[in-house]
Amino acid sequence: SFSCQKPLEYHFDGHIIDAESWIWDFGDGNSNTTSKDPIHTYTTSGDYVVKLSAFNNTTQCSYYSDTLIRVRNLKASLSASETLGCTGLAVTFNSSNTIDNSNYRHYYNNHFYPIRYYWKFNNYAEEFSFDSITHYTYNSPGTFKAYLVVRDTNNCIDSAVQTIRIMRPNISFT
């Protein structure tokens, strides 16, 4: 098991019966022979085959089990082409520096939509997309938040926010 707060740290629960010795192979070149329930920290994201081998000294029987785990270190990243401007400002948002996000199904308005990026602008406009770059035009003055929400293959969620300030000069003369 793992926690989204510590995505590179995995807790393994060895269900080992009738064995006196065992070895864990974590799939990244590291192993552990002492703990039945080890905690292992991976250094990079990736897909790893974790193997558990156990041996019974009396019967000389050996047992083997393996499973694939998907280690991800999700980080949302959001940048804006402009963060200050006048009404009518078209802003390009870029999330191409986001790390380890995956496609997922987003539930919205009684339907599931396959997406990779969930964008929210101006507190009400939403966009579901497979593209890491999107555009939004701000037509009213104010200070707005643009949000990006991403998810990884382990269902962890991360978000990023960018503040956009739109001004409309108020002038008059007599």
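Quick summary incoming for the structure in this document. The structure displayed is predicted, hence computed values, not measured ones.

Rules used in this analysis
- Residues numbered from 1 in each chain as written.
- Predicted model: local features only at pLDDT ≥ 70, side-chain atom pairs only at ≥ 80, totals over all residues.
- Heavy atoms only, no water.
- Salt bridge = Lys/Arg side-chain N within 4 Å of Asp/Glu carboxyl O.
- Helix = DSSP H or I, 4+ residues; strand = E, 2+ residues; numbered from the N terminus.
- Pairing = 2+ DSSP bridges.
- Core = buried A, V, L, I, M, F, W, Y, C linked by side-chain atoms within 4.5 Å.
- Buried < 20%, exposed > 50% of the residue type's maximum accessible area, 1.4 Å probe, protein only.
- Contact = heavy atoms within 4.5 Å.
- Phe/Tyr/Trp six-rings, centres within 6.5 Å; stacked < 30°, edge-to-face > 60°.
- Lys NZ or Arg CZ within 6 Å of the ring centre and 35° of its normal.

Another point: the pattern of salt bridges. Evaluation of the coordinates by the stated rule reveals two salt bridges. Residues R70 and D47 are paired through a salt bridge, measuring 2.8 Å at the closest nitrogen-oxygen approach. Linking R70 in strand β7 (residues 62-71) with D47 in strand β6 (residues 46-55), this pair joins segments that are 23 residues apart in sequence. For R72, the salt bridge is made with D47, and the minimal N-O distance between the two is 2.9 Å. Placement of R72 in the loop between β7 and β8 (79-80) and of D47 in strand β6 is noted, with a sequence separation of 25 residues between them.

Read from one edge to the other, the open sheet built from four strands follows the order β4-β3-β6-β7, with strand pairing classed as antiparallel. Where the open sheet ends on each side, the last strands, each with one partner, are β4 (31-32) and β7. Inspection of the sheet shows β6 paired to β7 by 10 bridges, in the antiparallel sense. By the bridge assignment for β7, L52 is matched with S65.

Here the focus is the nonpolar core. Core analysis: the biggest nonpolar cluster contains 19 residues, and F93, W119, F121, Y138 and L148 have the highest contact counts within it. Elements with a contribution of two residues or more to this core: β10 (89-94), β13 (117-121), β15 (133-138), β16 (142-151) and β17 (157-167). Ranked by residue count, the leading element in this core is β16, at four residues. Excluding residues that lie within four positions of it along the chain, F121 makes contacts with F93, E127, T134, Y136, Y138, K145 and A146. If you look at the next biggest cluster of nonpolar residues, it comprises 15 residues, including F12, W22, W24 and V71.

Moving on, we come to the packing of aromatic side chains. Enumeration over the complete set of coordinates arrives at 15 aromatic pairs. Taking the centre distance of 6.4 Å and the plane angle of 5 degrees together, the rings of W24 and F26 count as stacked. We note that W24, like F26, is buried. Ring pairing ties together the aromatic residues F2, Y10, F12, W24, F26, Y42 and Y48, which thus form one cluster. Cation over ring: R151 sits above Y104, and NZ or CZ is 4.5 Å from the ring centre.

Structurally, the position occupied by I166 is in strand β17. C-alpha of I166 to C-alpha of N73: the two residues are 93 residues apart in sequence and 34 Å apart in space. Dropping the residues within four chain positions of it, I166 is found in contact with G85, C86, T87, L89, Y138, S140, P141, G142 and F144.

Interpretation in functional terms is not warranted from these geometric data alone.
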